[in-house]
Amino acid sequence: MGKLIDLISRLKENRCLEPEEFVTLLNGLEENPEDASFLQHEARETALHHFGKDIYIRGLIEFTNFCRNDCFYCGIRKSNLNAVRYHLSKSTILECCRIGYDLGFRTFVLQGGEDMSYTDHAMTDIIASIRRAYPDCAITLSVGEREKATYQEWFDAGANRYLLRHETADPEHYRKLHPMRLRSEHRIQCLRDLKSIGYQTGTGFMVGSPFQTTEHLAKDLQFIHEFEPEMIGIGPFLPHSETPFKNCAPGSMQRTLHLISILRLMRPNALIPSTTALGTIHPEGRKLGILAGANVVMPNLSPLDVRKNYLLYDNKICTGEEAAESIDKLKERICRIGYRIVTDRGDYKKGDV
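All values derive from a computational prediction rather than experimental measurement.

K.L.:
Whenever I open this one, the nonpolar core confuses me. Can you help?
P.N.:
Nonpolar side chains in soluble globular proteins tend to be buried together. Phe 108, Leu 110, Leu 141 and Ile 262 are the most contacted members of the largest nonpolar core, which totals 93 residues. Here this core takes eight residues from helix H10 (residues 253–266), the largest share from any one element. Beyond its immediate stretch of four places on either side in the chain, Leu 110 contacts Ile 61, Phe 63, Ile 93, Met 123, Ile 126, Ile 130, Thr 140, Leu 141, Ser 142 and Val 143. In terms of nonpolar packing, the next biggest core, distinct from the first, is built from ten residues, Tyr 56, Met 231, Val 296 and Met 298 among them.

As structure tokens, this is what we get:
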């Protein structure tokens, strides 16, 4: 048995490796396509064992592109004076939910920048209104760092899940990607607060972000093993023309796929999306993500006239199969690779790992 095959087999059995072993595995996969195929096969079989051929859909509502932060990689950073800014009203958000519900969505994801014009109580009102109108649906939030009391208030109002990528588990690397006022330690504390409240909690990182090393990725994998998130979202870094990293190279699709497979072996029950960034970097990216072990896709329910303005990176796809109104096309494509879109909340289940 080859060294990489042995590492993959031990990862599947033990759910983790030592940091230096993760480095060896990630670097080796770049040069050994046969071993990478074995990894993908093991990840796909693991996903099939736990989820069958079901792929869960989430209705993504990007409700604001205002943000108080100035992260160096993000297209909606507050210093981007060329961004066309928008907020969605409560009534528009509820209309997005109505459209999504009629299309078969049973999870709504409210995603936005850290827009403080939506006060804690205004967000509570929006969440409670969605909960009253759609008691059988899951509500996921992705609105950044807040106080624990705020997270609790939103949970009590009816939110079920929260997505907050840790971005990088290395504090020094984190400082290279963010302004000084943002701290890795605070972000990770937010994740711990969310989990302690009872949210199904998601984290993740960019693949190939500026200054990232394979050792950084090994730390990310170690953090995920320790934190045990219910959801894990990763995607390749993609540059935006209005950021300090505009001339940086994008992340690798292949390395992203390798990491999806590694994460599937680490967290067999986790909900792992095949992300928009994968679909942006390659026309077949979303399909390849599923074949690597992902089991979630997130079509866009935002109003058509604002989708093009929620640009975290350049050339983001927001039409075609990425659009919620084209769900039939997405179902057809997923069916062609042997899977099926299901109308289900797709909650995390602990079960037997």
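Here the narrative resumes.
K.L.:
Honestly, the packing of helix H2 (residues 19–31) against helix H9 (residues 214–227) in this entry has me stumped. Any pointers?
P.N.:
Helix-helix packing: each pair is described by the crossing angle between the helix axes and the interaxial distance. Close contact between H2 and H9 brings their axes to 9 Å; oriented N to C, the two are set at 120°. Accordingly, the angle class assigned to the pair H2 and H9 is oblique. In this structure, H2 crosses over H9, and the sense of that crossing is right-handed. Residues Pro 19, Phe 22, Val 23, Leu 26 and Asn 27 of H2 lie in contact with H9, whose contacting residues are Thr 214, Glu 215, Leu 217, Ala 218, Leu 221 and Gln 222.

K.L.:
How should I be thinking about the side chain of His 178 in this particular structure?
P.N.:
With respect to the helices, strands and loops of the structure, His 178 is situated in the loop between helix H7 (171–177) and helix H8 (184–197). In this structure His 178 comes out as buried when scored by relative accessible area, which is 2%. In this structure the side chain of His 178 is engaged in a polar contact, spanning 2.9 Å, whose partner is the backbone oxygen of Tyr 174. Setting aside its immediate chain neighbours within four residues, His 178 contacts Cys 71, Phe 72, Tyr 73 and Glu 167.

K.L.:
Sorry, what's going on with the packing of aromatic side chains here?
P.N.:
Any two aromatic rings considered together are summarised by their centre-to-centre distance and by the angle between their planes. Within this structure, the stated rule accounts for ten aromatic pairs. Consider the rings of Tyr 162 and Tyr 199, whose centres lie 5.8 Å apart with planes at 80°: the pair is edge-to-face. Here Tyr 162, found in strand E5 (residues 161–163), pairs with Tyr 199, found in the loop between H8 and strand E6 (200–207); they are 37 residues apart in sequence, far enough to count as distant. With respect to burial, Tyr 162 and Tyr 199 carry one shared label: buried. A connected cluster of aromatic rings, assembled from ring pairs, spans Tyr 151, Phe 155, Tyr 162 and Tyr 199. In this structure, Arg 106 packs its charged tip against the face of Tyr 101, placed 3.6 Å from the ring centre. The residue whose ring lies beneath Lys 195 is Phe 227, and the NZ or CZ to ring-centre distance is 4.7 Å.

K.L.:
I would appreciate a short explanation of the side chain of Arg 146 in the present structure.
P.N.:
Mapped onto the fold, Arg 146 is located in the loop between strand E4 (138–142) and helix H6 (148–157). Judged by its relative accessible area of 7%, Arg 146 falls in the buried class.

K.L.:
Looking at this structure, how should I read the sheet that holds E4?
P.N.:
As a general point, the strands of a sheet are linked pairwise by backbone hydrogen bonds and lie either parallel or antiparallel. Across the sheet, which stays open at both edges, the six strands sit in the order E2-E3-E4-E5-E6-E7 with parallel pairing between neighbours. What marks the edges here is a single partner per strand, and that holds for strand E2 (59–64) and strand E7 (231–236). Ignoring which end each strand starts from, the neighbouring axes of this sheet average 20° apart.

K.L.:
Explain the environment of Pro 210 here, please?
P.N.:
Along the chain, Pro 210 falls in the loop between E6 and H9. Separated by 163 residues in the primary sequence, Pro 210 and Ala 47 have C-alpha atoms spaced 31 Å apart.

Thresholds applied
All residue numbers refer to positions counted from 1 along the written sequence of the respective chain. In keeping with the model being predicted, local features are shown solely for residues with a pLDDT of at least 70 and side-chain atom pairs are shown and tallied solely at 80 or more, while totals for entire chains, interfaces and linings include all residues. The side-chain numbers reported here are obtained from all heavy atoms of the structure, hydrogens and water having been left aside. The term nonpolar core refers to a set of buried residues drawn from Ala, Val, Leu, Ile, Met, Phe, Trp, Tyr and Cys, joined through side-chain atoms within 4.5 Å. Burial classes: relative accessible area under 20% of the type maximum marks a residue as buried, over 50% as exposed, and values in between as partly exposed (1.4 Å probe, protein chains only). Per the convention used, a helix needs a DSSP run of H or I reaching at least four residues, while a strand needs a run of E reaching at least two, with both numbered from the N terminus. By definition, residues are in contact when any of their heavy atoms lie within 4.5 Å. Note on definitions: angles span 0 to 180 degrees between N-to-C directions of axes, and those axes are lines fitted to C-alpha atoms, for helices only across the stretch in contact. Orientation categories follow fixed angle ranges, with anything under 35 degrees roughly parallel, anything over 145 roughly antiparallel, 65 to 115 roughly perpendicular, and all other angles oblique. Each crossing gets its hand from how the near helix is turned against the far one by less than a right angle, where anticlockwise is left-handed and clockwise is right-handed. Polar contacts, as counted here, are pairs of nitrogen or oxygen atoms within 3.5 Å of one another; within protein the pair requires one atom able to donate a hydrogen and one able to accept it, and residues that are adjacent in sequence qualify only if both atoms are side-chain atoms. For this analysis, a ring pair means two rings from Phe, Tyr or Trp (six-membered ring only for Trp) whose centres lie within 6.5 Å, classed as stacked if their planes differ by under 30 degrees, edge-to-face if by over 60, and tilted for the remaining angles. Only when the NZ atom of a Lys or the CZ atom of an Arg is both within 6 Å of the ring centre and within 35 degrees of the ring normal do we say a charge sits over the ring. Paired strands, as defined in this entry, are two strands with at least two bridges between them according to DSSP.

Keep in mind that these numbers describe shape and distance, not what the molecule does.
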